[in-house]
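Each chain, written out:
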Amino acid sequence: MMPDTDHAATQLSPRLRALAERLADHGLLLRGAFHPDPEDGLAADVRTVALVGNAGPAMWAHFSAARNAGDAPHELDAWTRSVLAPLAEDLGAGVVYPFGGPPFHPFQRWAMKAEGLRPSPIGVLLHPDYGPWHAYRGAVLFAETLDLPPRPARPHPCDSCVDTPCLGGCPVSAFSEAGYDWQACKAHVATTGAACRETGCQARHACPVGAPYAPDQAAFHMAAFLGA
Ligand code: B12
């Protein structure tokens, strides 16, 4: 992710700067951008993909103020569409979302291209500042080849992590070399896993990097996970 400074903002191409400014009105972040290859599965006339996401408390504050219970069980997805669709249209761009599948757009692969992040041992991409506490809400698709935002190289925090507390943090050992046993995870969260349900994934909590979501946001995401 780009540092949140005026200096970084002035290094953005005008259209990406306009996007970043409009996103900030809703507590969302321009996470980075890339020029897609055919393997990204997008139409040939898409030349720049700008990833939109959340980290820190800002999105939750905006969403909480605007949320509409009538959109349950997909309130956050509905809010995301209501923000991103008009914004993309104003910029003469398209938009796709991480939800709505299968099939799903490969947002994690795109994030690796846009931001240079790498996965943690538990699958989620680890951000040097936000740790595992961040996510993607959409991708704005431009037909123009825009200059990409600067992407300073930063160390991947997992490279210097010796005892992988995330892997030991899951009460039902859902994460292993064999992958993610989401059925075991979900069964626990739905029944005896009150801590997971109320405060968020305990494996993510065990990671020392980044500040966790507030309990109400974490509980909201875990409820969405149970409904998925
Ligand atoms: C299906 C899905 C799930 C399934 C996973 C099923 C499975 N077999 O692994 C379920 C419903 C279980 C799930 C759960 C969660 N997910 Co999920 N999920 C997705 C979704 C919608 C599609 C993934 C996919 O199939 N992509 C298609 C392939 C082709 O794309 P890809 O980028 O190459 O796929 C990579 C990932 O799938 C990744 N991967 C593999 N195993 C795992 C395991 C986990 C836990 C994660 C997060 C990723 C991951 O490796 C793939 C290869 O690069 C993505 C959104 C998206 N569109 O990508 C979110 C996404 C991967 N999920 C995300 C998150 C945060 C979670 C949760 C942590 C949510 C929560 N509760 O807070 C939970 C994990 C459970 C927990 N203990 O908290 C985030 C990850 C963000 C990040 N920081 O990296 C994403 C990107 C959604 C978003 N809006 O940002 N998820």
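Computed from a predicted model, the values in this text were never measured in an experiment. (Residues numbered from 1 in each chain as written. Predicted model: local features only at pLDDT ≥ 70, side-chain atom pairs only at ≥ 80, totals over all residues. Heavy atoms only, no water.)

(A) Region of the structure containing the overall build of the protein. For the protein, the helix and strand inventory stands at 10 helices and 8 strands. Here the C-alpha radius of gyration of the protein, 18 Å, is about what a compact globule of 228 residues would show, namely 17 Å. Its C-alpha atoms give the protein principal-axis dimensions of roughly 50 × 45 × 35 Å. For the protein, with 228 residues in total, the buried portion stands at 42%. Partitioning the intrachain contacts of the protein with sequence separation of at least 6 by distance along the chain shows that 67% fall at a separation of at least 24. Carbon and sulfur atoms make up 57% of the accessible area of the protein, which totals about 11,400 Å². (Helix = DSSP H or I, 4+ residues; strand = E, 2+ residues; numbered from the N terminus. Rg over C-alpha atoms; globule rule 2.2 N^0.38 Å. Buried < 20%, exposed > 50% of the residue type's maximum accessible area, 1.4 Å probe, protein only. Contact = heavy atoms within 4.5 Å. Areas by Shrake-Rupley, 256 points an atom, 1.4 Å probe, with all protein chains shown as cover.)

(B) Region of the structure containing the packing of helix α3 (residues 58–66) against helix α10 (residues 215–227). The contact between α3 and α10 brings their axes to 11 Å, and the two run at 75 degrees. By the angle class used here, α3 and α10 are roughly perpendicular. Contacts between α3 and α10 pair M59, W60 and F63 from the former with D216, Q217 and F220 from the latter. In terms of residue class, the contact of α3 with α10 is built from 4 nonpolar, 1 polar and 1 charged. (Axes fitted to C-alpha atoms, helices over the stretch in contact; angles between N-to-C directions. Parallel < 35°, antiparallel > 145°, perpendicular 65-115°, else oblique. Nonpolar A, V, L, I, M, F, W, Y, C, P; charged D, E, K, R; others polar.)

(C) Spatial organisation of the environment of V140. Within the secondary structure, V140 is located in strand β6 (residues 134–142). Exposure remark for V140: the relative accessible area of 0% places this residue in the buried category. A sequence separation of 71 residues divides V140 from A211, and the C-alpha atoms of the two residues are 27 Å apart. Contacts of V140, omitting those with residues within four sequence positions, involve L19, T48, V49, A50, V52, A88, A93, G94 and V95.

(D) Region of interest: the domain arrangement of the protein. When its domains are assigned, the protein resolves into domain 1 (6–142) and domain 2 (161–227). Spacing between the C-alpha centres of domain 1 and domain 2 amounts to 23 Å. Opposite the 21 residues of domain 1 that make contact, domain 2 presents 18 residues. With both sides pooled, the region where domain 1 packs onto domain 2 buries about 1,600 Å², and carbon together with sulfur makes up 72% of that total. Ranking the residues of domain 1 by area buried against domain 2 places W60, I122 and W133 at the top, with a combined share of 54%. The interface formed by domain 1 and domain 2 contains 4 residue pairs in polar contact (both at pLDDT 80 or more). (Domains from an automatic or database assignment. Buried area = accessible area lost by both parts, 1.4 Å probe. Polar contact = N/O pair within 3.5 Å; in protein donor to acceptor, adjacent residues only side chain to side chain.)

(E) How the structure looks around the sheet that holds strand β1 (residues 29–34). Here 4 strands make up an open sheet; going across it, the order is β1-β2-β6-β3 and the pairing antiparallel. Looking at which strands have only one partner, the edges of the open sheet turn out to be β1 and β3 (94–96). Averaged over all adjacent pairs, the angle separating strand axes in this sheet is 30 degrees, with direction ignored. Contacting β2 (48–55), β3 and β6, helix α4 (residues 75–90) crosses the sheet at an angle of about 30 degrees to β6. (Pairing = 2+ DSSP bridges.)

(F) Highlighting the site of the ligand. Near the ligand you find 23 residues, and of these H105, Q108, Y136, Y180 and R204 are the closest. Within the contact set of the ligand, an oxygen atom lies 2.6 Å away from a side-chain nitrogen or oxygen of Q108. R204 is positioned such that a nitrogen or oxygen atom in its side chain is 2.4 Å from an oxygen atom of the ligand. At the level of elements, α5 (107–115), β6, α7 (182–190) and α10 are the ones that each hand at least two residues to the shell around the ligand. Of all the elements, β6 adds the most residues to the shell around the ligand, at 4 residues. The residue inventory of the shell around the ligand, partitioned by class, reads 15 nonpolar, 5 polar and 3 charged. Counting contributing residues per domain, the shell around the ligand is built from domain 1 (6–142) and domain 2 (161–227), each supplying no fewer than three. (Near = heavy atom within 4 Å.)

(G) Broad picture of unusual backbone geometry. Following A72, the chain continues to P73 via a peptide bond in cis, the omega torsion being 5 degrees. Looking at the secondary structure, you find P73 in the loop between α3 and α4. Each neighbour pair has its own omega, and for G101 with P102 the value is 0 degrees, a cis peptide bond. Within the fold, P102 resides in the loop between β3 and α5. The backbone phi angle of T164 is positive, close to 35 degrees, even though this residue is not glycine. With respect to the helices, strands and loops of the structure, T164 is situated in the loop between β6 and α6 (165–169). In this structure, S173 is a non-glycine residue whose phi angle is positive, near 45 degrees.

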